[in-house]
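This is what each chain is made of:
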Amino acid sequence: MSSDQFELTNANGLRVRVLSYGGIVQSIEVPDRDGVLANVALGFADAQGYADHPGPYFGAIIGRYGNRIAKGRFTLDGASYSVPLNNGPNSLHGGLSGFDRKIWDARAVDGGVVLTLVSPDGDEGFPGELSVTVTYTLTDDDELRIDYEAVTDAPTVVNLTNHSYFNLTGVGSGSDVYGHLMQIHADGFLEVDAGLIPSGEILPVEGTALDFRSPVAIGARIRSDEAQLLLGGGYDHNWVLGGEGLREVARVVEPVSGRTLTVLTTEPGMQFYSGNFLDGTFAGSGGLAYRQGDGFALETQHFPDAPNHPSFPSTVLRPGETYRSTTIYRFGVEA
């Protein structure tokens, strides 16, 4: 299939590859404490691999609506809209042919790549023509910065994110992510039902297996019999982030390699997904089958199913407004 590849490098030797297909972050090569580079982003060797296996959404730009919409239905300004059901009775990540399956217009700029896409009125059932720009920038501070902008010609809902999966030991190392130390700066998370749709309640993390206010190994409590973890088969929840503006919301340390990942965002929420549905049915760029726990995602976002929960931060975008969002994945090492 046709897809352009862009390679971003910085002064420290980091290397990021981006595809115009899906706006996919194909690989992220970063050093360990000994300076040895390894790719820490799950994915495939070429664009066809992503087209053949769209379900994991490896590295892709997600839209129009990241995460789930209950029963694929929402009401906006008194009008009802239906979007495709592709996750049991619900809609996930923009429907059957979301932004992850589009060929984006792409051009190289100094230190990065700019991707643009026009989503027509009615695309996957969403109202309004939406014009989207996503800019990836690799800085000399070892940050992969993602800036999102969107405008519409009619009221619509928008929730954009990136769906990269990380394994800081290196893709193809044969190691899972359960030994990674995870810290999430959040006091609460959204309670979900069996379809992973929010009930509308924000529950405290204190006293639960979802308390990552201090660093905890991902695998330490992942097999807890708490109801919320049983529903997701592990972690697949939206943490409610405090603060406003661009701020640090999470930090991950892989003790063996020393590699670290710090997440900063302007978004009010973040989905921590522990790769529960990777089932070993296909292999990736590292030459090994991807199995449960081989990677984790930290998807910065507005809340799942927000169009159906007036109490959640609004995802409505109107003509004359500009949707703006920034997320930074900062890489480093610990001695």
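Analysis parameters
Residues numbered from 1 in each chain as written. Predicted model: local features only at pLDDT ≥ 70, side-chain atom pairs only at ≥ 80, totals over all residues. Heavy atoms only, no water. Helix = DSSP H or I, 4+ residues; strand = E, 2+ residues; numbered from the N terminus. Rg over C-alpha atoms; globule rule 2.2 N^0.38 Å. Buried < 20%, exposed > 50% of the residue type's maximum accessible area, 1.4 Å probe, protein only. Contact = heavy atoms within 4.5 Å. Areas by Shrake-Rupley, 256 points an atom, 1.4 Å probe, with all protein chains shown as cover. Lys, Arg positive; Asp, Glu negative; His and termini not counted. Charge placed at Lys NZ, Arg CZ, Asp CG, Glu CD. Phe/Tyr/Trp six-rings, centres within 6.5 Å; stacked < 30°, edge-to-face > 60°. Lys NZ or Arg CZ within 6 Å of the ring centre and 35° of its normal. Pairing = 2+ DSSP bridges. Axes fitted to C-alpha atoms, helices over the stretch in contact; angles between N-to-C directions.

## Let's talk about the overall build of the chain
The number of helices and strands found in the chain is two helices and 29 strands. A globule of 335 residues ought to have a C-alpha radius of gyration of about 20 Å, and the chain, at 19 Å, matches this closely. Dimensions of the chain, computed from C-alpha atoms along their principal axes, come out at roughly 60 × 50 × 40 Å. The buried share among the 335 residues of the chain stands at 57%. Pairs at least 24 apart in sequence give 66% of the contacts found in the chain among residues at least 6 apart. Summing over all exposed atoms, the chain offers an accessible surface of approximately 12,700 Å²; the carbon and sulfur share of this is 48%. Taken together, the 21 basic and 42 acidic charged side chains of the chain have centroids lying 1 Å from each other.

## Details of the environment of glutamate 206
As for its position among the elements, glutamate 206 is in the loop between β19 (198-204) and β20 (216-217). For glutamate 206, the contacting residues outside a window of four places in its chain are Asp211 and Arg213.

## Notes on unusual backbone geometry
Residue arginine 64 follows glycine 63 across a cis peptide bond; omega there is 0°. Looking at the secondary structure, you find arginine 64 in the loop between β5 (61-62) and β6 (68-69). You will see that tyrosine 57, though not glycine, has its phi angle at about 60°, which is positive. Positionally, tyrosine 57 belongs in the loop between α1 (47-52) and β5. Residue classification places tyrosine 57 among the buried positions, given a relative accessible area of 11%. One non-glycine residue, glutamate 124, adopts positive backbone phi at about 55°. Positionally, glutamate 124 belongs in the loop between β11 (112-119) and β12 (130-138).

## Brief notes about the packing of aromatic side chains
This structure, assessed with the given rule, holds 22 aromatic pairs. Taken together, a centroid distance of 6.3 Å and an interplanar angle of 75° make the contact between phenylalanine 58 and phenylalanine 282 edge-to-face. In this pair, phenylalanine 58 sits in the loop between α1 and β5 while phenylalanine 282 sits in strand β25 (residues 279-283), placing the two residues 224 residues apart along the sequence. For the pair phenylalanine 58 and phenylalanine 282, one class covers both residues: buried. When the centroid spacing of 5.2 Å and the interplanar angle of 75° are considered together, the rings of phenylalanine 303 and phenylalanine 312 count as edge-to-face. Across the pair, phenylalanine 312 and phenylalanine 303 agree in class, each one buried. Among the aromatic residues, those joined into a cluster by ring pairs are Phe44, Tyr50, Phe58, Tyr165, Tyr273, Phe277, Phe282 and Tyr290. Its guanidinium or amino end placed over the ring of phenylalanine 212, arginine 221 lies 5.5 Å from that ring's centre, counting from NZ or CZ.

## A few points about the sheet that holds strand β29 (residues 323-333)
Read across the sheet, nine strands follow the order β10-β11-β12-β13-β29-β23-β22-β17-β20 without closing on themselves; strand pairing throughout is antiparallel. Each end of this open sheet is capped by a strand with a single partner; those strands are β10 (105-109) and β20. Direction of pairing for strand β17 (residues 181-184) relative to strand β22 (residues 247-253): antiparallel, over a ladder of four bridges. When the sheet's bridge partners are listed, isoleucine 184 is paired in β22 with alanine 250.

## Focus on the pairing of strand β27 (residues 296-301)
A large share of β27 lies buried, amounting to six of its six residues. Across the two faces of β27 the burial is the same, with Phe296, Leu298 and Thr300 and Ala297, Glu299 and Gln301 all buried. As paired strands, strand β16 (residues 165-166) and β27 are joined by two bridges and run antiparallel to one another. Opposite tyrosine 165, over in β27, you have alanine 297 as the bridge partner. Pairing of strand β24 (residues 269-273) with β27, which is carried by five bridges, proceeds in the antiparallel orientation. In the sheet register, methionine 270 faces β27, and the bridge partner there is threonine 300.

## Some details on the sheet that holds strand β4 (residues 37-39)
Here four strands make up an open sheet; going across it, the order is β1-β2-β3-β4 and the pairing antiparallel. With one partner strand each, in any of the chains shown, β1 (5-9) and β4 form the two edges of the open sheet. Across the sheet, the mean angle from the axis of one strand to that of its neighbour is 15°, orientation sign disregarded. Relative to β4, strand β3 (residues 25-31) runs antiparallel, the two sharing three bridges. For glutamate 29, the partnering residue across the bridge sits in β4 and is asparagine 39.

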